[in-house]
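Examining the three-dimensional arrangement
This is what each chain is made of:
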Amino acid sequence: MGTAKLTFWGAAGQVTGSMHLLEAAGARILLDAGLFQGHRAEAAALNANLAFDPRRIDAIVVSHAHLDHIGRLPLLVRHGYHGAIYATPATRDLCAVMLPDAAHIQESDAAYLAKRGKKGPESEPLYNLADALAVQELIVGLPYRRIHFLRKNLAFEYTDAGHILGSASVDLRLTEGAPQRIVFSGDIGRVGLPIIRDPEPPSGLIDTLIVESTYGDRDHESVSGSEEHLGEVVRKVVARGGKVLIPSFALGRVQEIVYALHELSDAKKIPGITIYVDSPLAVDATAVFRLHPEVFDRREQLLANSDLAFDFPLVRYVRSVEESKKLNTMNGPAVIIAASGMLEAGRILHHLANHIGDPKNCVLFVGFQAENTLGRRIQEGAKQVKIFGELHDARAEVQTISGYSAHADRTELRAWVRRLGGPIRRAFVVHGEPAPAAAMAQILKEEGVPDVVVPGLGESFDL
Ligand SMILES: [Zn+2]
Ligand SMILES: [Zn+2]
């Protein structure tokens, strides 16, 4: 005993910045290397301030390709990390599109702030494109359920977390001294999500569980109800000759919406209008989906016999700026899906500026809108909004579908814990704001875990 130690360097008392340091079997292993997101100055300070020397880390194991789990990999490489980075093959390929995009945003944000005379960590890019590309040379793809030895006495395997394409939970076995099993949940998905398989938690006795808690205190709308709702909105808006604008996260949500529209179109539940996916990052991410049919859920009808889920006659993928601009002058009904999901940046803003003034159109929210974002203001019914410094009357209809979440809700988190089978000796609750984390801790106690901790940032524990 006492041979292993765990330190929480992110997603501790908050959702973003996932990064946990495991010291065991003479090795220092990082679980995730995520970016802190949110309030700009605060996040920049947290991101820039690495608490350890990356050159002294022996291996990195990442759970999935959301930036709050991989977004600091280029920073670690920039500061000398040169060991292996383990990821599932789909996560590895998603990293190849997500990290260069993140580097581009780092560089352009920093340039913008520097031009305005801003000093401090937020006016320095955390990393650049070369750092992002250097990460890719270190990533080793490891499929689900294949045991890999990090050290003679320390092995792990991935199991499907059912959250986004390639997402995984990490099941670690330490056989030095008293044997220990350590499970890191990663982000846990929902049962019945389109495209990907349902979560497959590791089962049996667990000595230490590190578990997410994003929605530990609430339940979501059902997955199937969301598709019906989407069909209804499209039918209604098209019937009156309007456009449906869908602000969306480029990874995961865009592909889910395209997939749902494909199903609705096959079932003749929406008319034959064009669906534009106007986001280069979303187009690239969709290409990675096409490369990884091995992780699709073949029980779904659309995927039973075909890998063409994202290619059907109605959908057009728009990459070039010229083609995107042409959409501005296009008449008649259409669906336009573009990033960013909270209307803070990206091509969706041009479409919004062009279409928000017309009551025939509809802005359809399919993702969470954080406080102080343009998305939140429109969702709450603002009569006028500022886009690119100009005031616009917000006359378009506003709709929200709350069922599109990639995260397990309260009921699904409890079901996931039950499927672990247990017993679980000790659990650490991470990746949640204080209230949902406390609710998740309560769930774990109710499920018989004797020792439950919600760790703070930088806290260490002997295992
Ligand atoms: Zn995630
Ligand atoms: Zn996350």
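Being a predicted model, the structure only gives us computed values, none of them experimental.

Protein coordination at the zinc ion (ligand 2): the donors are Asp68 (OD), His69 (NE2), Asp187 (OD) and His431 (NE2), at 2.1 to 2.3 Å from the metal. In this structure, the zinc ion (ligand 2) is surrounded by 4 donor atoms whose angles at the metal cover 89 to 169°, and the resulting shape is irregular. Between the two metals, the zinc ion (ligand 2) and the zinc ion (ligand 1), the spacing is 3.4 Å, and Asp187 donates to both. With a gap of 362 residues between them, His69 in helix α2 (residues 67-70) and His431 in the loop between β20 (421-430) and α14 (434-446) connect regions that are remote in the sequence.

Moving on: the coordination of the zinc ion (ligand 1). Distances from the zinc ion (ligand 1) to its protein donors, namely His64 (NE2), His66 (ND1), His163 (NE2) and Asp187 (OD), fall within the range 2.1 to 2.4 Å. Expressed as a motif, the donor residue spacing for the zinc ion (ligand 1) is H-x1-H-x96-H-x23-D.

Right, let's get into the sheet that holds strand β8 (residues 154-160). If you walk across this open sheet you meet the 7 strands as β7-β8-β9-β10-β11-β20-β21, and the pairing is mixed. Edge positions in the open sheet fall to β7 (148-151) and β21 (451-453), since each of these has one partner strand only. Across the sheet, the axes of successive neighbouring strands diverge by a mean angle of 25°, strand direction being ignored. Bridge count for β8 against strand β9 (residues 168-174) is 7 bridges, and the pairing is antiparallel.

Tallied over the entire structure, the rule returns 29 salt bridges. Of the charged contacts, one joins Asp284 and Arg319 as a salt bridge, the two residues approaching to 2.7 Å between their closest N and O atoms. Remark: Arg319 occurs in the loop between β14 (315-318) and α10 (321-326) and Asp284 occurs in helix α8 (residues 280-291); sequence separation between them is 35 residues. Taking the relative accessible area as the measure of exposure, Asp284 reaches 25% and is therefore partly exposed. Between Asp307 and Arg298 there is a salt bridge, with its nearest N and O atoms 2.9 Å apart. On the basis of relative accessibility, which here comes to 34%, the residue Asp307 falls in the partly exposed class. In this structure, a network of salt bridges that share partners links the residues Arg414, Arg418, Glu446 and Glu447.

About the criteria used
- Residues numbered from 1 in each chain as written.
- Chains lettered and ligands numbered in written order.
- Predicted model: local features only at pLDDT ≥ 70, side-chain atom pairs only at ≥ 80, totals over all residues.
- Heavy atoms only, no water.
- Donors = N, O, S within 2.8 Å, 3.2 Å for Na, K, Ca; no water.
- Tetrahedral: all angles 85-135°; square planar, octahedral: opposite > 155°, others 65-115°.
- Helix = DSSP H or I, 4+ residues; strand = E, 2+ residues; numbered from the N terminus.
- Pairing = 2+ DSSP bridges.
- Axes fitted to C-alpha atoms, helices over the stretch in contact; angles between N-to-C directions.
- Salt bridge = Lys/Arg side-chain N within 4 Å of Asp/Glu carboxyl O.
- Buried < 20%, exposed > 50% of the residue type's maximum accessible area, 1.4 Å probe, protein only.

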